[in-house]
Amino acid sequence: MSAKAISEQTGKEFLYKHICTSAAVQNRFRYASVTTDTDWDRLAQDHPWVLTERLVVKPDQLIKRRGKLGLVGVNLDLQGVKEWLKPRLMKETTVSATTTARTPNGVIYILLQKMCLTLPEEEFYVCIYASREGDHVLFHHEGGVDIGDVDSKAQKFLVGVDEKLTEADVKNHLLGHAPAHKKDILASFVVGLFNLYEDLYFTYLEINPLVVTKDGVYVLDMAAKIDATADYICKAKWGDVEFPPPFGREAYPEEAYIADLDAKSGASLKLTILNPRGRIWTMVAGGGASVVYSDTICDLGGVDELANYGEYSGAPSEQQTYDYAKTILSLMTREKHSDGKVLIIGGSIANFTNVAATFKGIVRAIRDYQVPLKEHEVTIFVRRGGPNYQEGLRVMGEVGKTTGIPIHVFGTETHMTAIVGMALGHRPIPNQPPTAAHTANFLLNSSGSASTPATSRTASFSETKTSSEATPAKKPKPGVPPETQHPTSESARAKATTLFSSHTKSIVWGMQTRAVQGMLDFDYICSRVEPSVAAMVYPFTGDHKQKFYWGHKEILIPVFKSMADAMKKHPKVDVLINFASLRSAFDSSMETMQYPQIHTIAIIAEGIPEAQTRKLIKKADEKGVTIIGPATVGGIKPGCYKIGNTGGMLDNILASKLYRPGSVAYVSRSGGMSNELNNIISRTTDGVFEGVAIGGDRYPGSTFMDHVLRYQDTPGVKMLVVLGEIGGSEEYKICQGIKEGRITKPVVSWCIGTCATMFSSEVQFGHAGACANQASENAVAKNEALREAGAFVPKSFDELGDAIKCNSRDSVSLQELGLIRKPASFMTSICDERGQELIYAGMPITEVFKEEMGIGGVLGLLWFQRRLPRYACQLIEMCLMVTADHGPAVSGAHNTIVCARAGKDLISSLTSGLLTIGDRSVVL
């Protein structure tokens, strides 16, 4: 996640050390931290000033309205501090109308600081916080505990992205009610504070009260958050920052251990311990899926027994998964529960994570902990899909049999959260054999077809080809930055409504050969004439060509060292898929937007600092570029184009019918959940028309509304599905669009994260943006607003598929009218029946009859997926006639013919036939 709360101690240290202002900043405070185990004599020895100074004591964890809640003691001596703490340590405190938090045991950060006596007229309020559009500066001429509703009282000023705050701005827009003789010092301090906020990548910074006296400025109370993803930029200034847990929750060493693993890994590993004595433990793959499982557990009444929240995603290695799993198993086998315990190993359908590899790590941990798991009567429920999931499920089932631990294993045929109901006893556990594995490799046939000419499959695609096909967008002087072409143009380009087509060509930044091969396989089975990947860019090697498969043929795709060369050589490219790391994704994306031929950029990297993302968004809006991401898997347009690893392997492409378009378009934050939506939509409707995962960051490059409006204006889309989540307010724009009539197509929506209101302390879920900063941002409020606006909102995620099915209009009547496609009753690699008649390799069966192709011609269409020449058809028919009679003489003739056609000499062929003649001959 990005925005993390820091302690007041850390925030003030940053301010005193790095602020640059002409205002005299005073009260460079002294502090001491105490816990329930503090030795007071040792404290006085280490900090002798606590014996002589008047003190302030308060919890140094991010909790708002500490003064109002009675959590601030002022003007106390050391004995007064002790007396003040006695009734508060380890006691429950009501922190909101619905939440009661208990001061945790163990490490408690209580800040003792020197008392500063002030007058009410000397107290002010200042706050800076980030939004998509820029940074908001709030100022009020009255500060302190009794400030009240500061949002309605304070003067506000928005500093746009990449803009600077000046003292004139502060005086003109914020200090209208401030005393005249203090405006200069206030303006200087606020500008210095804003510059500090930007330089140290704060996302939230509040001072209340800010005291201004004749001696200077005093910062009495501070609350702050910083963008933790900017650590690689700010490490020298930050140092080693310790992030305190939310008020009311203890800090566990296991959480710190997983956080350290996460920091050292390219994958995502998260763990929050909610109730170490709980009986329900989870180990869920995916940031979005982990929230869905927590929601379902709470919906089914398991909130008091839910022990943890966590997720692992981003293709962790077997060792990383083992370390994560053994931490969970160690925690859950420390105390027994009278009802036994359950472990839910769940997840959506992975796009690129090797399920078998990650499950091997989990299996190792289960074997290591098999004795305590059986002693604690642990039952394990598993549901997963994705690359190699069949092998992963098989291994998981085997370890259950060999260890004697009850392990119930399910794949994609089972609804994602069905195992929660089984684990909690709300639904029976089915006793069914696992679904047979399939790889869908048969779709990559080795021969050409009418829809994909053999010539295009054997040619090299490393050079630009001329074509009469219309291109999606005009490409003026490709490869030349726009400053050269349009030096006087300042207006923003309009963004494209259609992002992808069957002619879309893209450049992939990074040596992501697996992702590129997946795109080519998808292109091939969708019968694209040419691959969707025109070139790759990798600045760490020289120009060369990389070999890939196009079906069973091999082709070469060029790899360029510079983006300029790639753009110049491939003028029809209009999409960039950016696999650059979080450190270089910003620069490479900004460079790409110099080229007017690019209208879509997908940024895959997770962990890009929010300040950089907002600059990307601003630039994209100016250039008319649509950004998908950051922190995304991408998107897919069935039958046309897919981004990188979206949609997973070929077996999932086949199972979710992503090789051809349907009529339902969706937008999701989560990449893993987008694949789950593919599965749900394919099972309940005619399939997906287009799907986009906008990414889990607080500020995605494109919003829900951007894509919903595109879908609204796309004739082929008949229904919209929106999977929102806790945090942010974008879903309310959809509500407004429905009410105003801008969105008229049916919308089925669900916001995940409904469990957040049931927890006693704040939980940061897997996605950086999945955290509610105010009541309107929680998932329950959003779902209710969408329902009131007219969207179809189910009661839970469990019922989302039913809602999609029930609200996809009257499918029968629309099929009859020809408004939507008829869902296939069966689909094979050689024919389907979605039309009014069967199609054999693109040839309607009526044409087969009319042309009297015979059995040889029909078998050519079915077996070889092409129309064979007459001599080949006659050969097939001759073989059938010869083999029709299985008598002793015929079998000899048949085997002689087979050997001869196989290239054997005359003697060998004749011998083969003669040796099969007999009373009980068989054709081999």
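Please refer to the structure placed before this passage.
Bear in mind the structure is a predicted one, so any value in this text is a computation, not a measurement.

(A) Representation of the side chain of T714 within the structure. For T714, the location among the structural elements is in the loop between α23 (704-712) and β31 (719-725). According to the relative accessible area criterion, T714 is buried, its value standing at 14%. Only 2.6 Å separates the side chain of T714 from the backbone oxygen of R710, close enough to count as a polar contact. The contact partners of T714, leaving out residues within four places of it in the chain, are F689 and K745.

(B) Focus on a nonpolar patch on the surface. A surface patch of nonpolar side chains, amounting to about 280 Å² of accessible area, comprises L910, L914 and I917. Relative accessible area serves as the criterion here: at 44%, L910 is assigned to the partly exposed category.

(C) Spotlight on the packing of helix α8 (residues 253-263) against helix α10 (residues 318-332). With their axes 11 Å apart at the nearest point, α8 and α10 run at an angle of 175 degrees to one another. Overall, the two elements α8 and α10 adopt an arrangement that is roughly antiparallel. Across from E254, Y257, I258 and L261 in α8, the residues of α10 making contact are D323, Y324, K326, T327 and L331.

(D) Summary view of the packing of aromatic side chains. Evaluated as defined, the whole model comprises nine aromatic pairs. When the ring of Y197 is compared with that of F202, the centres are 6.4 Å apart and the planes differ by 15 degrees; the resulting orientation is stacked. Of the two residues examined, Y197 and F202, each falls in the buried class. Ring centres 5.4 Å apart and planes at 85 degrees place the aromatic pair Y524 and W550 in the edge-to-face group. Here Y524 is found in helix α17 (residues 513-525), whereas its partner W550 is found in strand β22 (residues 544-550), with 26 residues between them in sequence. On the basis of relative accessibility, which here comes to 3%, the residue Y524 falls in the buried class. Members of the aromatic cluster, joined through ring pairs, are F14, F194, Y197 and F202. The ring of F243 has K4 sitting right over it, with the charged end atom 4.8 Å from the ring centre.

(E) Structural detail: the sheet that holds strand β20 (residues 506-509). If you walk across this open sheet you meet the seven strands as β22-β23-β21-β20-β24-β25-β26, and the pairing is mixed. Taken across any chain shown, the strands that pair with only one partner, and hence form the sheet edges, are β22 and β26 (626-628). Averaged over all pairs of adjacent strands, the angle between their axes in this sheet comes to 25 degrees, without regard to strand direction. Bridge analysis of strand β25 (residues 600-603) against β26 gives three bridges, and the strand direction is parallel.

(F) Expanded view of the nonpolar core. Among the nonpolar cores identified, the biggest contains 100 residues, and I577, V721, I734 and F797 are the most heavily contacted of them. Here this core takes seven residues from α17, the largest share from any one element. Sequence-distant contacts of I577, that is, excluding residues within four places in its chain, are made with S506, I507, V508, W509, M519, A602, I604, Y641, I643 and G644.

(G) Summary view of the sheet that holds strand β28 (residues 641-642). Strands sit in the order β28-β27-β30-β29-β31-β32 across an open sheet of six strands; the sheet is mixed. The sheet is open, and its two edges are formed by β28 and β32 (747-752), each paired on a single side. Note that strand β29 (residues 664-668) and β31 share five bridges and pair parallel. Bridging across to β31, S668 finds its partner in L723. Running over the sheet, α23 touches β29, β30 (688-693) and β31 and is turned about 175 degrees from β29.

(H) Structural detail: the environment of T646. Relative to the assigned elements, T646 resides in the loop between β28 and α21 (650-655). Look at T646 and you get buried, because its relative accessible area is 2%. Separated by 29 residues in sequence, T646 and N675 place their C-alpha atoms 7.6 Å apart. Setting aside anything within four residues of it in sequence, one finds T646 in contact with N351, V633, G634, G635 and I636. A polar side-chain atom of T646 sits 2.9 Å from the main-chain carbonyl oxygen of V633. Only 3.2 Å separates the side chain of T646 from the backbone nitrogen of G635, close enough to count as a polar contact.

(I) Quick peek at the pairing of strand β17 (residues 341-345). β17 sits mainly inside the fold: five of its five residues count as buried. Both faces of β17 are covered, namely the face carrying K341, L343 and I345 and the face carrying V342 and I344. Across three bridges, the pairing between strand β15 (residues 280-282) and β17 is parallel. Paired with W281 across the bridge in β17 is L343.

Each value, and the rule that gives it
Residues numbered from 1 in each chain as written. Predicted model: local features only at pLDDT ≥ 70, side-chain atom pairs only at ≥ 80, totals over all residues. Heavy atoms only, no water. Helix = DSSP H or I, 4+ residues; strand = E, 2+ residues; numbered from the N terminus. Buried < 20%, exposed > 50% of the residue type's maximum accessible area, 1.4 Å probe, protein only. Polar contact = N/O pair within 3.5 Å; in protein donor to acceptor, adjacent residues only side chain to side chain. Contact = heavy atoms within 4.5 Å. Patch = residues over 30% accessible without salt bridge, like charges linked within 9 Å, V, L, I, M, F, W, Y side chains within 5 Å. Areas by Shrake-Rupley, 256 points an atom, 1.4 Å probe, with all protein chains shown as cover. Salt bridge = Lys/Arg side-chain N within 4 Å of Asp/Glu carboxyl O. Axes fitted to C-alpha atoms, helices over the stretch in contact; angles between N-to-C directions. Parallel < 35°, antiparallel > 145°, perpendicular 65-115°, else oblique. Phe/Tyr/Trp six-rings, centres within 6.5 Å; stacked < 30°, edge-to-face > 60°. Lys NZ or Arg CZ within 6 Å of the ring centre and 35° of its normal. Pairing = 2+ DSSP bridges. Core = buried A, V, L, I, M, F, W, Y, C linked by side-chain atoms within 4.5 Å.

Read these as geometric descriptors, not functional statements.
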